[in-house]
Amino acid sequence: ILARLLAAREPSRVISAILAGTVADLNPLARLLMFAGWTVRAWLPYMSLYRIYAWTIMPGRGHRRTRQLFYRDARRLGSEEFNRWFDLTPTVVPELGRLAAASAPVPILHVMGASDHMFLPGVRRLAATHADRVVHAETAARLARAARAFVQRILLEQHRLVLLHHLDRRGR
């Protein structure tokens, strides 16, 4: 969200963006979970909410290690910080809709997991609407290759534009 806001508000400062784990929209299940979390967070321990969210977002056996890291980070976060972040959701959700409607003035590469069932459909819609690219990166090496190719393409386009501008000025 912050990277897209920066690109929209200060396009002269951003050439391109590589966003990993983009959340472009909340599907009905995610919205239901947010509402349920708001409803029960006063009496349900925050770690229980984390566990429910983790199992919903990462249900597969292959996600076991990721869920464990998620839980570890949640414990480090603590309940007070969790509540501060959770309090942001009423302002973040409408902002997602505004960002999805507005085209980013820079090329964006969205890096997602192939099994990201909660957020991948929204990112694909966003990318199709705004000519962004979506890649699946299940390994660090694949992510590095995709990011390198994206940056090289952007730099080549920037170089081509500068060259065309220079040739145009010389032709006058």
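Here is a short report on the structure shown in this document.

Conventions and cut-offs
- The residue numbers shown here count from 1 along each chain, following its written sequence.
- Local features in this predicted model are restricted to residues whose pLDDT is 70 or higher, and side-chain atom pairs enter the listing and the counts only when it is 80 or higher, whereas totals over whole chains, interfaces and linings include all residues.
- Note that the side-chain values use all heavy atoms of the structure and ignore hydrogens as well as water.
- By the criteria applied, helices consist of DSSP H or I runs no shorter than four residues and strands consist of E runs no shorter than two, each listed in order from the N terminus.
- Whether two residues are in contact is decided by their heavy atoms: any pair within 4.5 Å suffices.
- Points on a 1 Å grid over protein atoms alone make up a cavity when a 1.4 Å probe fits among them but cannot get out, and a pocket when they form an open set with protein on both sides within 12 Å along at least five of seven lines; lining residues each have an atom within 4 Å of a point.
- Grid points are joined across faces, edges and corners, and a volume is the space filled by probe spheres set on the points.
- When residue character is reported, Ala, Val, Leu, Ile, Met, Phe, Trp, Tyr, Cys and Pro are called nonpolar, Asp, Glu, Lys and Arg charged, and the others, Gly included, polar.
- In summary, the pairing rule links any two rings of Phe, Tyr or Trp, Trp by its six-membered ring, whose centres are within 6.5 Å, and it sorts them by plane angle into stacked for under 30 degrees, edge-to-face for over 60 and tilted for everything else.
- Only protein chains enter the accessibility calculation, which uses a 1.4 Å probe. A residue is then buried if its area is under 20% of the maximum for its type, exposed if over 50%, and partly exposed in between.
- When the NZ atom of lysine or the CZ atom of arginine is within 6 Å of a ring's centre and also within 35 degrees of its normal, the charge is said to sit over that ring.
- Salt bridges are counted wherever a side-chain nitrogen of Lys or Arg sits within 4 Å of a carboxyl oxygen of Asp or Glu.
- Under the convention used throughout, the expected extent of a helix is 1.5 Å for every residue step, that is, one less than its residue count.
- Two axes define the bend at a residue: one fitted to the seven residues ending there, one fitted to the seven starting there, and the bend is the angle between them.
- Between N-to-C directions, angles cover 0 to 180 degrees, with each direction set by a line fitted to C-alpha atoms, over the stretch in contact for helices.
- Comment on the angle field: the value is read as roughly parallel under 35 degrees, roughly antiparallel over 145, roughly perpendicular from 65 to 115, and oblique elsewhere.
- Two helices that cross are described as forming a left-handed crossing if the nearer one is turned anticlockwise from the farther one by less than a right angle, and a right-handed crossing if clockwise.

A few words on the side chain of E95. Relative to the helices and strands, E95 is located in helix α5 (residues 89–101). E95 has contacts with I1 and L5, leaving out every residue within four places of it along the chain.

A few words now on the layout of surface pockets. For the largest pocket, the calculated volume is near 1,700 Å³. The set of elements that each furnish at least two residues to the lining of the largest pocket consists of α1 (2–9), β1 (17–20), α2 (28–40), α3 (46–57), α4 (64–87), α5 and β2 (108–112). Within the lining of the largest pocket, the residues separate by chemical class into 35 nonpolar, 9 polar and 5 charged.

So, about the packing of aromatic side chains. Considering all chains together, one arrives at 7 aromatic pairs under this definition. Considering the side-chain rings of W38 and F86, the 5.6 Å spacing of their centres and the 45° angle between planes classify their relative orientation as tilted. With a gap of 48 residues between them, W38 in helix α2 and F86 in helix α4 connect regions that are remote in the sequence. With relative accessibility at 35%, the residue W38 sits in the partly exposed group. Residue classification places F86 among the buried positions, given a relative accessible area of 5%. Put simply, the rings of W38, Y46, Y50, Y53, F70, F82 and F86 pair up and form one aromatic cluster. The ring of W38 carries the charged tip of R41 above its face, separated from the ring centre by 4.3 Å. Of note, R67 hangs over the ring of W55, and the distance from its end group to the ring centre comes to 3.6 Å.

Attention shifts here to the pattern of salt bridges. This model, assessed by the stated rule, comprises 9 salt bridges. Put simply, E10 and R13 hold a salt bridge, and the shortest N to O gap is 3.6 Å. Linking R31 and D25 is a salt bridge whose minimum nitrogen-to-oxygen distance equals 3.2 Å. A residue is classified by how much of its surface remains accessible, and R31, at 40% relative accessible area, is partly exposed. The exposure class assigned to D25 is partly exposed, which follows from its relative accessible area of 28%. Salt bridges linked by common partners bring D25, R31 and R125 together as one network.

In this structure, R67 sits in helix α4. In this structure, R67 is in contact with A54, W55, M58, P59 and G60, ignoring residues within four places of it in sequence.

The subject of this paragraph is α4. The first and last C-alpha atoms of α4 sit only 28 Å apart over 24 residues, clearly below the 34 Å expected at 1.5 Å per residue. Along α4, the helix axis deviates most sharply at G78, where the bend reaches about 95°. Taken residue by residue, α4 has R67, Y71, A74, G78, F82 and F86 as its buried positions. Residues of α4 that are buried sit in contact with α2, α3 and α5.

Before going further, it helps to spend a moment on the packing of α3 against α4. In a packed pair of helices, the relevant descriptors are the angle between the two axes and the axis-to-axis distance. Contact geometry of α3 with α4 gives a least axis separation of 9 Å together with a crossing angle of 125°. Between α3 and α4, the crossing angle belongs to the class labelled oblique. As α3 runs across α4, the sense of the crossing is right-handed. Facing α3, whose interface residues are Y46, M47, L49, Y50, R51, Y53, A54 and W55, α4 presents R67, F70, Y71, A74, R75, L77, G78, S79, F82 and F86. Among the residues making up the contact of α3 with α4, the classes are represented as 13 nonpolar, 2 polar and 3 charged.

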